[in-house]
Structure formats: C-alpha cells, structure tokens
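Residues per chain are reported as follows:
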Amino acid sequence: MISRQEVPRVRELGPRHESGGSPREARRAAGALESEILAILRGASEPLSPGDVRLRLEPGQGAVLSYSTVVTIVSRLHAKGLLARQRAGRGFTYTPVDEVSLAAGRMTQALGNGTDHDAVLSRFVSGLSGRDARLLRGLLASDLDPPADEPAGERE
Amino acid sequence: MWLLYLPLVIPALAGAAARPLANRLEPRQATWLLTSATVALAGCSTAALALLAAYAAARAPFLAAVGDYSQAVMRRGDPISAAAGSAAALALASAAVAVVVMLRNWVRALAESYRRAARLPADDGIVVVPGPAIEAYALPGWPGRIVVSGRLLDRLDDDRRAALIAHEQAHLDGRHHLFAAVARLAAAANPLLLPVARSVEYTVERWADERAAAVTGNRRMVAETIGQVAFLASPRRRRTTGISLGMIGSRALLRSAAWAGPVPRRVAALLVAPPRRGRTILLAACAAIVLLAGISALEAASDLHALVELAQAAGS
C-alpha cells in the first residue's frame, strides 16, 4: 500500500530537529512515540493538528519534542495508512483510521486486481490515453458554457 | 434463404450505430434502449444459429428415423449447406459456453461485492479508504456503498466532492451494474454486439453524470470534477503536451470528443445543454431494426417447421 521509499525519507527528517540525545535514542523513542500519538488521536473526539497533538502529549515529552518531530510522526502514520488527514488552512488535521476502513483499503487493493470485478464496480473515471488527455485539456480550457440545469429533483 | 442470415448480420449494424446513439440520446433512455436491443438481438441471432444447426441436424439419418420423416425430402428442401450448418452448431456451442462462463463469474463477483458491502460501515453509505490510491467507485450491495480514497477526497473541494458522491449514488440507486452486466452477457452470446455493450457502460456513466449535474445544478463543475479526477488518476498524463488545442474552436473539440475515449466524451456532453428526451425517429429506427431481426428469425423458423411437416408427410 505504501511505497517503501517513502518511509525512510520521512524518518531522516525527524531526529535531526530534536534537541539532545543520540540519533539512535531518538529513533528508538520514535517507535514508542508513534503508538503514543496514535493513542492520543484515537482518544480525541475531533480531528487534531500536529500542534494539538503536541499539546496533549505528556508534559515531560511535550517539552522535549519539537513541532517538526510531531509532524514527522503523524506523516509517517498517515503514510502507513493508519491516519486520515484533512486539509485545514495551510496544514492538515488528522483522524485515526478505524479498523473497518483499514479492511476496506485492503479490499480496494484486492478488487483492483480482478477483471471480473469490472463487471460489478462502477469506477468514477476510466483510463486516459494521451490523445484523450489533450482533448480533455482543450475541453476544460474552452469557453463552452452549458446553460444552467433545472433544480435538483426534477430530472431523473 | 438469406432471411436466416439476417439476424446474424444485424448485430454488426447495431454495433456501428451504438456510439452515435449513445452520443445523441438522453442517457437513461439510451441505456434502456441499448440494453434491450442487445438482449433482443442476441436472442434473435442465437435463434438463427439454432435454426441453421437444426437444418444440419435434420440431415442425419438417425434423426430422420426418430422424427419419422423422409430424409430425401428434407435434403431436397434444405437450403443450408452442411458446412454452414456445422459452423452454426459450433458457434452456438461456443456462445453457450461463453454465456455460462461469464454468468458464473459475474454472479461470483456480485456475491463478493454484496458480502464486502455488508461488512463496511453503513452510516451514510460512504466509505473512505486510506492509502495512496486515487479511487472512487460504487460497490453494489444491500445497501450499496460508495468507496472513495481519502487521498482523492483531500484533493477535491466541497462542491466537487458532492458531484462525485452524487454520481456514485446515482449508480447505486439506478442499479446501473445490472444494465452493464446484461449487455455484456448478450455480447458474450454474439461478439458483434460488443460495441453496443461498451456503449451501455458509457451511457450509465452519462446517466450518473446527468444526475450529478441535476443534484449540484452546475454542469460545468461536474465536467471539471471528472477532468480533475481523471488527471489525478493518470499522473503520467498530467503533463501531456503535443499539438496545441488552443487554436481549435470549441465546435471542433466537441466533434473530436464524439470519437474519443469515455472521459472526454462525458466532459464534452456536460459542456453542452442537457440532452432532451424523445427523438422519436431514432427510437423508431432502432425498433424497426430489432423487429426486422425478430421477424426474419421467426420466418426462418416457420420455414423449417413447414419443411419438417412436408418431410413427415412424405415419410409416413
């Protein structure tokens, strides 16, 4: 589900911004922090920004952890598919992904592989050839202005 | 005896007519028309194959004994060569196998879909899946679910999300997967009907697009949503360049879209006025063609019946 290159790249960013401690210690702490931050988000009743998460951490750790470390950890959890994120202003807020949705994600992968399922699933868009892409760009850039539709509910 | 071959040729005609019809007719009407036409034409062509095979079988001495008819009269009146009859029997058998295999796979896939839909949360019928995929589809079930990847939702603003959801909801409400499946089954019986089955897949998409346009009240926005999602889903195409279309007029763009893939066709259809229902002439022409296939199959059947009766009278 996640490309393997993504995780290490994110991991490198984190510890460098931390104050004090050897890189090895910081890495070990990161594993424990992941589950702690996941627990905070699961316990929260609303989506949290990395800043909110940092405030809710144990007072001792909150003082030690930089904002960018928290961002790193939640991005990593997002990349693993354990957190969902929504754009909020310039950043993101995060919510935990429940077990059912995790199962749904795995299902989507399974469905994507079988050709039989094409007969059952209605995908929003099908593939786009190079010619189609050029045509689509032209159409969307055109000045074609469709008349307003009748209000909802009148047409079937 | 050319009447007997007519039901086999008419599906090719329908295959050629399917795309222009799908472009011109109101999508809901087009879906019903094309789906019922595929079923009727597949039925007629299968009947014609069965008749051809029956003529070939009637030459067999064994059947002549069982049916108590004169083999000589049968052979004299038989308009079909033995080779044509055997070819028809072979085609009939392979069509039967193709239909059975496709039906079995489809029933399995549908049962799987219902099972999976039942396991997903049902609060508002929308399931957001994590992960990097750009994906949105309607999963038929009881009730059906709309599955959208979180990454796709992140990229869409509220209006476009509404358009996407309305489109997928229209698929579930209208049971569009049934139309597509029926048309595919008919095409399995007669591969000449394949273009018609593809057109049905296109018209159900158009049907859902028109529904989304009606719900959101903004055709251009629905068109832009389809375009945005298509580019998100094919990242390689995002930077496509090549011939500049800037100088081409919008009329010419619409004309080329009519023969392009489904995505530009759908977008082009949304950028013009909504299609009107009706078009009596087109509908009448379709009905006439299907009727012609039916009548010729019936006519051929009664010919065979008359021949068998004649041979039986001579035999007894």
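Before reading on, note that the structure itself is shown above.
Okay, so let's go over this structure. (Residues numbered from 1 in each chain as written. Chains lettered and ligands numbered in written order. Predicted model: local features only at pLDDT ≥ 70, side-chain atom pairs only at ≥ 80, totals over all residues.)

### What about the overall build of chain A?
Alright, step 1. The helix and strand inventory of chain A stands at seven helices and three strands.
Alright, step 2. Listing every helix and strand of chain A by position from the N terminus yields α-α-α-α-α-β-β-α-β-α.
Alright, step 3. Buried residues in chain A amount to 31% of all 156 residues.
Alright, step 4. Taking all contacts inside chain A whose residues are at least 6 apart in sequence as the whole, residues at least 24 apart take part in 52%. (Helix = DSSP H or I, 4+ residues; strand = E, 2+ residues; numbered from the N terminus. Buried ≥ 20, exposed ≤ 12 C-beta atoms within 10 Å, placed from the backbone. Contact = placed C-beta atoms within 7 Å.)

### Observations regarding the sheet that holds strand β3 (residues 122-123) of chain A
Alright, step 1. Spatial ordering of the open sheet is given by β3(A)-β2(B)-β3(B)-β1(B), a layout of four strands whose pairing is mixed. Every interior strand has two partners, whereas the edge strands, β3 of chain A together with β1 (126-129) of chain B, have only one.
Alright, step 2. Here strand β2 (residues 136-139) of chain B runs beside strand β3 (residues 145-149) of chain B; their pairing, made up of four bridges, is antiparallel. By the bridge assignment for β3(B), B:A136 is matched with B:V148.
Alright, step 3. Contacting β3 of chain A together with β1, β2 and β3 of chain B, helix α7 (residues 158-173) of chain B crosses the sheet at an angle of about 25° to β2(B). (Pairing = 2+ DSSP bridges. Axes fitted to C-alpha atoms, helices over the stretch in contact; angles between N-to-C directions.)

### Comments concerning helix α11 (residues 250-257) of chain B
Alright, step 1. Along α11(B), the residues classified as buried are B:L253, B:L254 and B:A257. Each buried residue of α11(B) sits inside an arc of 100° when the element is viewed along its axis, so together they form one side. Of the residues in α11(B), the exposed ones pointing more than 90 degrees away from the buried face are B:R251, B:A252 and B:R255.
Alright, step 2. Summarising the contacts, the buried residues of α11(B) are in contact with α7 (130-141) of chain A together with α12 (262-270) of chain B. (Arc of directions from axis to C-beta.)

### Quick word on the pairing of β2(B)
Alright, step 1. Every second residue of β2(B) is oriented toward a common face, with B:A136 and B:A138 on one face and B:Y137 and B:L139 on the other, all of them buried.
Alright, step 2. Relative to β2(B), β3(A) runs antiparallel, the two sharing two bridges. Bridge pairing links A:R123 to B:Y137 in β2(B).
Alright, step 3. Two successive antiparallel strands, β2(B) and β3(B), enclose a turn made up of five residues.

### A closer look at the pairing of β3(B)
Residues and elements named next belong to chain B.
Alright, step 1. Burial analysis of β3 places five of its five residues in the buried class, which makes it a mostly covered element.
Alright, step 2. In β3, alternate side chains face the same way, and those of R145, V147 and S149 on one face and I146 and V148 on the other are all buried.
Alright, step 3. Summarising the sheet, β1 and β3 pair through four bridges and their orientation is parallel. Directly across from I126, in β3, lies its bridge partner I146.

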